[in-house]
Amino acid sequence: MQTGVKPRIGIIGTGAIGGFYGVMLARAGFDVHFLLRSEFGAVVEKGLRVESAVHGPLQLDPVQAYRSATDMPPCDWLLVGAKTTSNADLAPAIVQAAADGAKVLLLQNGLDVEDDLRPLLPESLHLLGGLCLVCVHRVGPGVIAHQALGSVNIGYHSGSCGDQAGRMTIVEEAVGLFRTAGIDSQAMPDLRQARWQKLVWNVPYNGLSVLLGASTTPLMADSGSRGLIQALMGEVVRGAQACGHYVEPGYADYLFAMTEKMPDYWPSMYHDYSHGRALELEAIYGRPLASARAAGCELPKIEALYQALVFMDRRNR
């Protein structure tokens, strides 16, 4: 890529996450290409619309949209916004749409989500993880509601760059993309630690939204569920520490207080459950539990939540 030339960006999985960040990057002047399946016709006809409480109404029309990755131009960056449950199936599309030495950024929740995808990609492709702190959801074909927040924390997972300085240069390049688009972004030297930190929020709120059929406001309003949220957060912190990862004192309290100030929000796992889609249980619960257990740390409340969600997921599908 020539100096001063903005990179070409591909969005693999144009749902709420991919659509929101893709629109923001395109509006900042980046050359963004969107891979769609079921919503292709609607997006070609009417474009992508983000109803944002933060940025106001955003419209991208026309959209550089594609049904197949074989039709996409080679992209320097590929942002994967699909669920972790589909990562293995997405590998051929990622390879097809990637330029030589492309960077692949997984905008996904959970622990070690890159591990399943890495063996399916050429070593020449750089694989990064992105942790999104954002309240977004789809409200219709090509229409996304953005209620609050939006930051992305990014770390390097694997690829052809072996030294830490080179890896951080690539991470900083990713951070620069989002900051250019008006999105707060931070470089994370330790991706696994960053993923544990994100689990402090994801473990309680995602699972309890499904188990109790409640969004964040009622969950925070009830003394029983508040106590359970705090207990689950405490277990995530204990699991992270057992695995050798530092979590800043008061971090769980910060996330708890932040959620109390947020607009009422249904986490992504609830939307998956309500539409009969597979829940991301292994990434958010199974792998953290296994990692903590291997380090000699049992997390009984998270284990109970996980078992209940496995039952509900099987019955739901």
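Up top is the structure these notes are about.
Counting from 1, residues in each chain are numbered in the order their sequence is written. With pLDDT at 70 or above as the cut-off, local features in this predicted model cover only qualifying residues; side-chain atom pairs require 80 or more to be listed or tallied, and sums for whole chains, interfaces and linings still use all residues. Here the side-chain values reflect all heavy atoms present in the structure, with hydrogen atoms and water set aside.

(A) Structural view of the overall build of the protein chain. Secondary structure counts use DSSP, requiring at least four H or I residues in a row for a helix and at least two E residues in a row for a strand, with both numbered from the N terminus. Scanning the protein chain from N- to C-terminus turns up 12 helices and 10 strands. Radius of gyration: over C-alpha atoms. The globule rule applied is 2.2 Å multiplied by the number of residues raised to the 0.38 power. Relative to the 2.2 N^0.38 estimate, which gives 20 Å for 317 residues, the radius of gyration of the protein chain is 19 Å and therefore close to what a compact globule would have. Projected onto its principal axes, the C-alpha positions of the protein chain cover 55 × 45 × 35 Å. Throughout, exposure labels follow a simple rule: accessible area from a 1.4 Å probe, protein chains only, divided by the maximum for the residue type, with under 20% read as buried, over 50% as exposed, and the rest as partly exposed. Here the protein chain, with 317 residues, has 56% of them falling under the buried criterion. Contacts: residue pairs with any heavy atoms within 4.5 Å of one another. Sequence separation of 24 or more characterises 70% of the internal contacts of the protein chain that already satisfy a separation of 6 or more. Within the structure as shown, the protein chain displays about 13200 Å² of accessible surface, and the carbon and sulfur contribution to it stands at 52%. Positive charge is attributed to Lys and Arg, negative charge to Asp and Glu, and no charge count is given to His or to the chain ends. Every charge is mapped to an atom, namely NZ of Lys, CZ of Arg, CG of Asp or CD of Glu. Averaged over its 26 positive side-chain charges, the protein chain has a centre that lies 3 Å from the centre of its 31 negative ones. Calculation of accessible area relied on Shrake-Rupley with a 1.4 Å probe; when residues are assessed, cover is drawn exclusively from the protein chains displayed.

(B) Focus on the packing of helix 11 (residues 281-294) against helix 12 (residues 300-316). Geometry is summarised by axes, namely lines fitted to C-alpha atoms with helices restricted to the contacting stretch, and by angles between N-to-C directions that run from 0 to 180 degrees. Running from N to C, helix 11 and helix 12 cross one another at 145°; their axes reach a closest spacing of 10 Å. As for how helix 11 packs across helix 12, the hand of that crossing is left-handed. Contact with helix 11, carried on its side by Leu281, Glu282, Tyr285, Gly286, Leu289 and Arg293, involves Ile302, Glu303, Leu305, Tyr306, Leu309, Val310 and Asp313 of helix 12 and no other residues of that element. In this classification, Asp, Glu, Lys and Arg are treated as charged, Ala, Val, Leu, Ile, Met, Phe, Trp, Tyr, Cys and Pro as nonpolar, and every other residue, Gly included, as polar. Across the contact of helix 11 with helix 12, the residue classes tally to 8 nonpolar, 1 polar and 4 charged. Note on convention: near helix rotated counterclockwise from far helix by under a right angle means a left-handed crossing. Clockwise means right-handed.

(C) Expanded view of the pattern of salt bridges. Salt bridges are identified by distance alone: a Lys or Arg side-chain nitrogen within 4 Å of an Asp or Glu carboxyl oxygen. Counted under the stated rule, the structure contains 14 salt bridges. Taking the shortest distance from any N to any O, the salt bridge between Asp272 and Arg277 comes out at 3.0 Å. Each member of the salt-bridge network shares a partner with another, and the members are Lys83, Asp272, Arg277 and Glu280.

(D) Spatial organisation of unusual backbone geometry. Of note, the amide linkage connecting Asp61 to Pro62 takes the cis form, showing an omega dihedral of 10°. Inspection of the secondary structure puts Pro62 in the loop between strand 4 (56-60) and strand 5 (65-66). Here the phi dihedral of Asp112 falls at roughly 55°; this positive angle occurs in a residue that is not glycine. Counting through the fold element by element, Asp112 comes out in the loop between strand 7 (98-107) and helix 4 (114-117). In this model, Leu149 sits at a positive phi of 60°, which is unusual for a non-glycine residue. Along the chain, the position of Leu149 falls in strand 9 (residues 143-158).

(E) Here's a closer look at the side chain of Ser291. Position of Ser291 relative to the elements: it lies in helix 11. In contact with Ser291, other than residues within four places in its own chain, are Leu111, Asp112, Arg192, Trp196 and Cys243.

(F) Representation of the state of the cysteines within the structure. Any pair of cysteine sulfurs within 2.5 Å is marked as a disulfide. Here the structure, examined in full by the defined rule, presents 0 disulfides. Its sulfur unpaired, Cys135 is 12 Å from the next cysteine sulfur, which belongs to Cys132. Between Cys243, a cysteine without a disulfide, and Cys297, which holds the nearest cysteine sulfur, the sulfur-to-sulfur distance is 7.4 Å.

(G) Up close: the packing of helix 8 (residues 223-242) against helix 12. At a minimum axis separation of 8 Å, helix 8 and helix 12 run at an interaxial angle of 110°. When the interaxial angle is binned, helix 8 and helix 12 end up roughly perpendicular. Touching Leu228, Ala231, Leu232, Glu235, Val236 and Arg238 of helix 8 are Pro300, Lys301, Ile302 and Leu305, all from helix 12. Classifying every residue of the contact of helix 8 with helix 12 gives 7 nonpolar, no polar and 3 charged. Working definition: roughly parallel below 35 degrees, roughly antiparallel above 145 degrees, roughly perpendicular at 65 to 115 degrees, and oblique for all remaining angles.

(H) Structural detail: the pairing of strand 8 (residues 126-140). Summarising burial for strand 8: 12 of the 15 residues are buried, a large majority. Any two strands between which DSSP finds at least two bridges are classified as paired. Strand direction decides the pairing type here: strand 7 and strand 8, joined by 5 bridges, are parallel. By the bridge assignment, Lys103 is partnered in strand 8 with His126. Where strand 8 lies against strand 9, 13 bridges are found, and the strand directions are antiparallel. In the strand pairing of strand 9, Cys132 is matched with Val152.

(I) Seen up close, the packing of aromatic side chains. When two rings of Phe, Tyr or Trp (its six-membered ring) have centres within 6.5 Å they constitute a pair, described as stacked for plane angles under 30 degrees, edge-to-face for angles over 60, and tilted for the intermediate range. This structure, assessed with the given rule, holds 6 aromatic pairs. Within the aromatic cluster, the residues linked to one another by ring pairs are Phe20, Tyr21 and Phe178. Only lysine NZ and arginine CZ atoms are considered, and such an atom sits over a ring when it is within 6 Å of the ring centre and within 35 degrees of the ring normal. Residue placement shows Lys6 over the ring face of Phe30; its charged tip is 4.9 Å from the ring centre.

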